[in-house]
Each structure stands twice: as C-alpha cells, then as structure tokens.
Amino acid sequence: MTTLLVIAKEPRPGRVKTRLTPPFSPEEAAQLAEAALADTLRAVAAAPASRRVLVLDGAPGPWLPPGFEVVPQCAGGLDERLADAFAHCPGPALLIGMDTPQVTPELLTVDFADCDACLGPAEDGGFWALGLADPDPALLRGVPMSTPVTGALQRERLVAAGLRVRDLPVLRDVDVAADARAVAALAPHGRFAARLARCAPVARR
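As the structure is a prediction and not an experimental result, all values here were calculated from the model. (Residues numbered from 1 in each chain as written. Predicted model: local features only at pLDDT ≥ 70, side-chain atom pairs only at ≥ 80, totals over all residues. Heavy atoms only, no water.)

A. The arrangement of the overall build of the protein chain in detail. Within the protein chain, the regular secondary structure consists of five helices and seven strands. Counting from the amino terminus, helix and strand elements in the protein chain follow one another as β-α-β-β-α-β-β-β-α-β-α-α. Compactness check: the protein chain gives a C-alpha radius of gyration of 16 Å against a globular reference of 17 Å for 205 residues, within 12% of the reference. Within the protein chain, the proportion of its 205 residues that are buried is 48%. Of the roughly 9,300 Å² that the protein chain leaves accessible, carbon and sulfur atoms contribute 55%. (Helix = DSSP H or I, 4+ residues; strand = E, 2+ residues; numbered from the N terminus. Rg over C-alpha atoms; globule rule 2.2 N^0.38 Å. Buried < 20%, exposed > 50% of the residue type's maximum accessible area, 1.4 Å probe, protein only. Areas by Shrake-Rupley, 256 points an atom, 1.4 Å probe, with all protein chains shown as cover.)

The structure is reproduced here in structure tokens:
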C-alpha cells in the first residue's frame, strides 16, 4: 500500500499564504491556510494508505487529526525538502501540499500497477501531487521549484529516468485571492469555503 505524504507549514500569521495579503490580513490568510490544511488532511485520512505522514515546518496544532506521523522538514530549498520527504519511504509514496483543499480521497487513491510515477499538474505550471512507486530523492533534487514550468521540468526528469508517468487531473492551487474563490466554489462544503465566506466581506472592500 502507498504512503501518503503531506508537506506543509504551520499556519501562523506572516508565515503562510503571504500572497493572500492583501486583500486579506495576515491573520485571515493564516486562518485560510489552516482550513486548507485541515481539508487536505481530512481527505488524506479518508484515503487508503499504509502510512500517513505530515512533513511539517513548525509545530502541529489542533487541526491535526489522529493517525498521522509528524516529521520535521529538512533545511534547504523546496526541492531538497520534497526529496527528503521521499527519502524516508521504503515503498510507494504519494506526496501533496496544503494548497489544494478541494482534493478528494478518490484523487489520492493511486495504483502503480501500470506506471512508475504519478504527477498531478497545477494550473499555475507547478504540480500538486507527485507519486513514486520506488521513491528516489534524486528525481527531485535540482528541479527548479515555484516557477511556471516546474511541473513540466519535473515530468521531464521522471521521463528521462525511464519512468512510466501517469498524469493525474489538473488542480488549481490557492495562491492569491482569485484562486481562493475559485477553489472554494469547487468544494463548497469544506472548511476552506466556510472560512473564506467569513473573510469575503473584508476581501471585497
């Protein structure tokens, strides 16, 4: 069975979702980040997995459901931190972030029977999920992160290594206010949508 990894930051004001400010305050941005993380962890908890691991920058809070191992992120760039997360997985693993609260257990139920890797492209050119049947940290180290071509470059790295890659559905990351509204509309019953509804009057000023 697959290990499900979530890489995340502790949702503290001024440390998360800084591109949401403005129109939101740092406190509201942190509340939205916490709601997004809670929705993500709920989906992971409901998906089949041999292990569920939160790779965290910071300290866990009441938003963390039971059944998760918590390990600290290593130092370095995002490529190093993603690589290190996979380094501790002896078998198949799927890693996601905290920016797609619309994710569902079904999207996280991956089968490596006919592929060696799964890649979930993001609308902004990055990727929201990466799955490896045989995790190798070298597949991530050195890939430029947070660029409009990160997803394409990561896919090229996988293909160049001779891996059979299956593409997962494209999802939209929550980076700016327009993303938040669009994603909340896709998952209107989640914590993220509920939190955004409480912030929306401020955001429209």
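Picking up where we left off.
B. Layout of the environment of glycine 14. Among the secondary structure elements, glycine 14 is positioned in the loop between β1 (3-9) and α1 (26-46). A relative accessible area of 54% places glycine 14 in the exposed class. When the C-alpha positions of glycine 14 and alanine 30 are compared, they lie 7.5 Å apart, and in sequence the two are 16 residues distant.

C. How the structure looks around helix α3 (residues 150-160). Every buried residue of α3 is listed here: Thr150, Gly151, Gln154 and Leu158. End-on view of α3: buried residues confined to an arc of 100°, all on one side of the axis. Facing away from the buried side of α3, by more than 90 degrees, are the exposed residues Glu156 and Ala160. Just past α3, the residue glycine 162 takes up positive phi, approximately 85°. (Arc of directions from axis to C-beta.)

D. Representation of the nonpolar core. Judged by nonpolar contacts, the single largest core of 29 residues is most densely connected at Ile96, Leu108 and Trp128. Of all the secondary structure elements, the ones that give two or more residues to this core are β1, α1, β2 (51-57), β4 (93-96) and β6 (127-132). It is α1 that provides the largest number of residues to this core, a total of six residues. What isoleucine 96 contacts, discounting residues up to four positions off in sequence, is Leu5, Val6, Ile7, Thr40, Val44, Val103, Leu108, Trp128 and Ala129. Ranked by size, the runner-up nonpolar core spans 22 residues in total, among them Ile7, Ala85, Phe86 and Leu95. (Core = buried A, V, L, I, M, F, W, Y, C linked by side-chain atoms within 4.5 Å. Contact = heavy atoms within 4.5 Å.)

E. Spatial organisation of the pattern of salt bridges. Counted by the stated rule, this structure contains nine salt bridges. Across the salt bridge formed by arginine 19 and aspartate 175, the nearest N and O atoms sit 4.0 Å from each other. Of this pair, arginine 19 sits in the loop between β1 and α1 while aspartate 175 sits in the loop between β7 (165-167) and α4 (177-186), and the two are 156 residues apart along the sequence. Note on arginine 19: relative accessible area 55%, which makes it exposed. In this structure, aspartate 179 and arginine 172 form a salt bridge, with 2.8 Å as the shortest nitrogen-oxygen distance. The exposure class assigned to aspartate 179 is buried, which follows from its relative accessible area of 11%. A relative accessible area of 24% places arginine 172 in the partly exposed class. (Salt bridge = Lys/Arg side-chain N within 4 Å of Asp/Glu carboxyl O.)

F. Structural view of the sheet that holds β4. The strand order β3-β2-β1-β4-β6-β5-β7 describes an open sheet built from seven strands, whose pairing is mixed. Whereas interior strands pair on both sides, the edge strands pair on one side only; in this sheet they are β3 (69-72) and β7. Averaged over all pairs of adjacent strands, the angle between strand axes in this sheet comes to 20°, irrespective of strand direction. Pairing between β1 and β2: seven bridges, direction parallel. (Pairing = 2+ DSSP bridges. Axes fitted to C-alpha atoms, helices over the stretch in contact; angles between N-to-C directions.)

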